[in-house]
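The primary structure of each chain is shown beneath.
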Amino acid sequence: MSSHEIRFSGFGGQGIIRCALITGKALSLYDDKFATMTQAFGPEARGSACSAQLVVSDEKVLYPYITAPGVLMALSQEAYDKFSGGVTEGGTIIVEADLVKVKDELPGRTTWRVPATRFAEELGNRMFTNLVALGFFSAVTGVVSGEAMKKALPGLVPDRFLKINLKAFERGYEHGREALAGATK
Amino acid sequence: MTYVTADPKGVDAGPHFLDGDHALAEGALAAGCRFFAGYPITPSTETAERFAERAPEVGALFIQMEDELASIAALVGAAWGGQKVMTVTSGPGFSLMMENIGLAVMTETPMVIANVQRGGPSTGLPTLTAQQDMMQVRFGSHGDYNIIALSPDSPQECFDLAVEAFNLSEFYRVPVFIMTDETVGHMHEKVVIPPADQIQVVERNNYSGPKEDCRPYNFNRQGGNPMVRAGDGYRFHITGLTHNEKGYPAMTPEQNVKVLTHLMEKIDGNAEHIIRLEESEVEDADVVVMSYGITSRIAIRAVQDARKLGLKVGALRLITVWPFCEKRVRELAPRVKAMIMVEINYGQMVRELERVVAGRCKVVSVNHCGGAVHDPQVILEAIKEAAQ
């Protein structure tokens, strides 16, 4: 049985919960996995560090919360500072390149930087930052297929922004593929 | 019970990625619920939101009431007007509902009430999980009475049990409670809603015979008795007072025996038809771990870990919490060393377990106060100790 624990984090309003919803839907509806998504729900989710968690497995998920996340996506400094220490040995950390300063990379974990805000601004609006980051995330982690993610978008982003969100996702995905190729060279 | 297939209007068939609260609303709509009156409270509000959002397209009515007392009063009225009805709440709202829940029980009014439990007492822990209202659901209103309570362990089961809750409620003419919790309520998972022709529902059974034979009540200790719909032209009466078969007050000790025995026995006497349990490897077990709702997922993980250690342990999940599975416990108690009740409260259902076990095996309570699910390790340690 293979299982993954993933934490998406940032500040309220960045679309963090949305990232987990899209990934969870993609995995459980289109990638034939079991996925359980929980989210920070209390006052801590309103404005400060916000986080959403996914437990992914080939079998029914019993314990619904993450205990040892292997993947962290951090779109804010506060989120990175709060959650990066919890990532397991061998794990993957993805940060927003311009919003998060990583002083010393954690040993034994791979840290990726994605200029998601810049790419989103190039596409016309920084609202799409989360989708760029999500594209990058699916390319470098391989936890979820890009196809499943794209299928999951309708219904989870407003219809009139579907195309541009897809574009944002693809931009991040391509960048992730390139980064991965660069890293393995 | 006679079933028909669901009205496709309320069925949003297909696979979804939903939280438990939303799945409750979808289950209610699929079951034919077309009236929702409620007052918002964390962590149950998403059910109300979903129902309100879907109501116009389904042809249902959603009312935000002034409070929880009024919510149940509205449900009683709408149910006698012919609708299938529901509300949702959490601890503090549940306390306010208690008076009119008694009225619904006494008037034998079908309704479904979901309690998405949070930590208490009082306003307690609004955003954090608990299972602390398990005794309140059974005994919270005054007087002797009986109800049915179900406890889902996942968003999928929120959908499935919402349908079942309506079916039981319609047949037994009793409030049926869905005792879920913040974790299941807010947790997103895959929920498959079957097509309407694969969803079995119990329709409202309305009397349609001659006026002189019209009786809104039949104290025969069974389910399946017809209701009378207000506005259909029959003369009848609905009251919280002890009443006769026409519904008019009949306040004698003799009548109270008739009414009360019926209210108790239509549930207890049919417990074996009502109760649903999920068991795994209980047959040869030395220790049986009993749990319900979200806790059962954690408990089952601990049971699996215990089996890996070679312990003979089985899991018994209460899908139906009330009526309590007395018969099954009486069968198991003499054959096992211990039965463990795991729950997120200070020890509630374990009292029922102790009562039924009556000393025939050891009973262990793995309780903990609200706010979080159990650590599976704590359950595992309890299993190890009980197995010795």
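Residues numbered from 1 in each chain as written. Chains lettered and ligands numbered in written order. Predicted model: local features only at pLDDT ≥ 70, side-chain atom pairs only at ≥ 80, totals over all residues. Heavy atoms only, no water.

Enquirer: Before we move on, could you go through the interface of chain A and chain B and cite the residues and values that matter?
Expert: Each side of the interface is counted separately: chain A has 19 residues, and chain B has 23 residues. Between chain A and chain B, roughly 1,700 Å² of surface is buried when both sides are summed, and carbon and sulfur atoms account for 67% of that area. Across the chain A-chain B interface, the total number found is one salt bridge. For the salt bridge of Asp153 of chain B with Lys60 of chain A, the shortest nitrogen-to-oxygen distance reads 3.5 Å. Across the contact surface, chain A and chain B share seven residue pairs in polar contact (both at pLDDT 80 or more). At the level of secondary structure, the elements contributing two or more residues to the side of chain A that touches chain B comprise α1 (16-30) and β2 (34-39) of chain A. Broken down by element, the residue count for the side of chain A that touches chain B peaks at six residues, all from α1 of chain A. Residues belonging to the side of chain A that touches chain B are distributed by class as follows: 11 nonpolar, six polar and two charged. (Contact = heavy atoms within 4.5 Å. Buried area = accessible area lost by both parts, 1.4 Å probe. Salt bridge = Lys/Arg side-chain N within 4 Å of Asp/Glu carboxyl O. Polar contact = N/O pair within 3.5 Å; in protein donor to acceptor, adjacent residues only side chain to side chain. Helix = DSSP H or I, 4+ residues; strand = E, 2+ residues; numbered from the N terminus. Nonpolar A, V, L, I, M, F, W, Y, C, P; charged D, E, K, R; others polar.)

Enquirer: Before we move on, could you go through the environment of Ala35 of chain A and cite the residues and values that matter?
Expert: The residue Ala35 of chain A is located in strand β2 in this model. Among the residues examined, Ala35 of chain A registers a relative accessible area of 4% and is labelled buried. Excluding anything up to four places from it in sequence, Ala35 of chain A contacts Gly24, Leu27, Ser28, Leu54, Val55 and Val56 of chain A together with Phe17, His188 and Glu189 of chain B. (Buried < 20%, exposed > 50% of the residue type's maximum accessible area, 1.4 Å probe, protein only.)

Enquirer: Help me get a handle on the layout of surface pockets, residues and values and all.
Expert: Over the atoms, a rolled probe matching the size of one water molecule traces out where space is still vacant. Here the largest pocket defines a volume of roughly 730 Å³. Lining the largest pocket are 31 residues, and of these Arg18, Leu21 and Leu156 of chain A together with His22 and His188 of chain B sit closest to its centre. Elements that contribute at least two residues to the lining of the largest pocket include exactly α1 of chain A together with β2 (14-19) and α2 (45-58) of chain B. If you tally residues by element for the lining of the largest pocket, the top one is α1 of chain A, at six residues. Residue composition of the lining of the largest pocket, by class: 14 nonpolar, nine polar and eight charged. (1 Å grid on protein atoms, 1.4 Å probe; cavity = no way out; pocket = protein on both sides within 12 Å on 5 of 7 lines; lining within 4 Å. Points joined across faces, edges and corners; volume = space filled by probe spheres on them.)

Enquirer: Give me the pairing of strand β17 (residues 362-367) of chain B: which residues, what numbers.
Expert: All names here are of chain B. Note that strand β16 (residues 338-343) and β17 share six bridges and pair parallel. Considered in β17, the bridge of Val342 is made with Val366. Chirality of the crossover, the property in question, places the unit of β16, helix α12 (residues 349-357) and β17 among those that are right-handed. (Pairing = 2+ DSSP bridges. Right-handed = clockwise from strand over helix to strand, strands pointing away.)

Enquirer: Residue-level account of the pattern of salt bridges, with values.
Expert: Close approach of charged atoms allows side chains with opposite charge to pair. Residues and elements named next belong to chain B. Overall, the coordinates contain 32 salt bridges over all chains when judged by the stated rule. Lys266 serves as the salt-bridge partner of Glu108, at 2.9 Å between the closest nitrogen and oxygen. Taken together, the positions of Glu108 in the loop between α4 (91-106) and β6 (111-119) and Lys266 in helix α8 (residues 253-268) put the pair 158 residues apart, joining distant regions of the chain. On the basis of relative accessible area, Glu108 is assigned to the buried category, the value being 4%. The network of salt bridges with common partners includes Glu279, Glu283, Lys327, Arg328, Glu331 and Arg335.

Enquirer: Could you give me a rundown of helix α4 (residues 129-141) of chain A, with the residues and numbers involved?
Expert: Because each turn of an α-helix spans 3.6 residues, side chains separated by three or four positions end up pointing in the same direction. All names here are of chain A. With 13 residues, α4 ought to run about 18 Å at 1.5 Å a step, and its terminal C-alpha atoms sit 18 Å apart, in line with that. For α4, a buried count of 12 out of 13 residues is recorded, marking the element as mostly surrounded by other parts of the structure. For α4, the full list of buried residues reads Thr129, Asn130, Leu131, Val132, Ala133, Leu134, Gly135, Phe136, Phe137, Ser138, Ala139 and Val140. (Expected span 1.5 Å × (residues − 1).)

Enquirer: Describe the packing of aromatic side chains, listing the residues and the values that go with them.
Expert: Tallied over the full model, the rule gives 14 aromatic pairs over all chains. Between Phe169 of chain A and Tyr173 of chain A, the ring centres sit 5.9 Å apart and the planes meet at 25 degrees, which makes this aromatic pair stacked. One end of the pair, Phe169 of chain A, and the other, Tyr173 of chain A, are both in helix α6 (residues 162-184), four residues apart, so they sit about a helical turn from each other. Both residues of the pair, Phe169 of chain A and Tyr173 of chain A, count as buried. An aromatic cluster of at least three residues, connected via ring pairs, comprises Trp80, Tyr217, Phe219 and Phe236 of chain B. Stacked on the ring of Trp322 of chain B, the Lys or Arg Arg138 of chain B has its end atom at 5.8 Å from the ring centre. (Phe/Tyr/Trp six-rings, centres within 6.5 Å; stacked < 30°, edge-to-face > 60°. Lys NZ or Arg CZ within 6 Å of the ring centre and 35° of its normal.)

Enquirer: Break down the packing of α1 of chain A against α4 of chain A for me, citing the residues and quoting the values.
Expert: All names here are of chain A. Running from N to C, α1 and α4 point in directions that differ by 45 degrees, and their axes come no closer than 10 Å. The orientation of α1 relative to α4 falls into the category oblique. The two elements α1 and α4 meet at a crossing, and its hand is right-handed. Within the contact between the two elements, α1 uses Arg18, Cys19, Ile22 and Thr23 and α4 uses Asn130, Leu131, Leu134 and Phe137. Broken down by class, the residue content of the contact of α1 with α4 amounts to five nonpolar, two polar and one charged. (Axes fitted to C-alpha atoms, helices over the stretch in contact; angles between N-to-C directions. Parallel < 35°, antiparallel > 145°, perpendicular 65-115°, else oblique. Left-handed = near helix turned anticlockwise from the far one by under 90°.)

Enquirer: Can you break down the side chain of Asp133 of chain B residue by residue, with the values?
Expert: Residue and element names in this part refer to chain B. With respect to the helices and strands, the residue Asp133 is situated in the loop between β7 (125-129) and α5 (136-139). Buried charge without a salt bridge: Asp133, with Arg118 as the nearest opposite-charge side chain at an N-O distance of 7.9 Å. Residues in contact with Asp133, not counting those within four places in the same chain, are Gly91, Phe94, Asn115, Gln117, Met179 and Gln348. (Lys, Arg positive; Asp, Glu negative; His and termini not counted.)

Enquirer: Lay out the environment of Asp284 of chain B in plain terms, naming residues and giving numbers.
Expert: Considering the arrangement of structural elements, one finds Asp284 of chain B in the loop between β12 (277-280) and β13 (287-291). Through-space distance from the C-alpha of Asp284 of chain B to that of Ala55 of chain B is 49 Å; in sequence the pair is 229 residues apart.

Enquirer: So what about empty space enclosed by the protein? Which residues, and what values?
Expert: All names here are of chain B. Tallying each qualifying case throughout the model produces one cavity of 30 Å³ or more. Each pocket or cavity is described by its volume, and for the largest cavity that value is around 30 Å³. Looking at the largest cavity, the residues that line it are Glu108, Phe171, Tyr172, Arg173, Gln222, Gly223, Gly224, Asn225 and Lys266.

Enquirer: With reference to specific residues and values, describe the environment of Thr184 of chain A.
Expert: By the secondary structure assignment, Thr184 of chain A is in helix α6. On a C-alpha basis, the gap between Thr184 of chain A and Ser84 of chain A in space is 23 Å, while along the polypeptide they are 100 residues apart.

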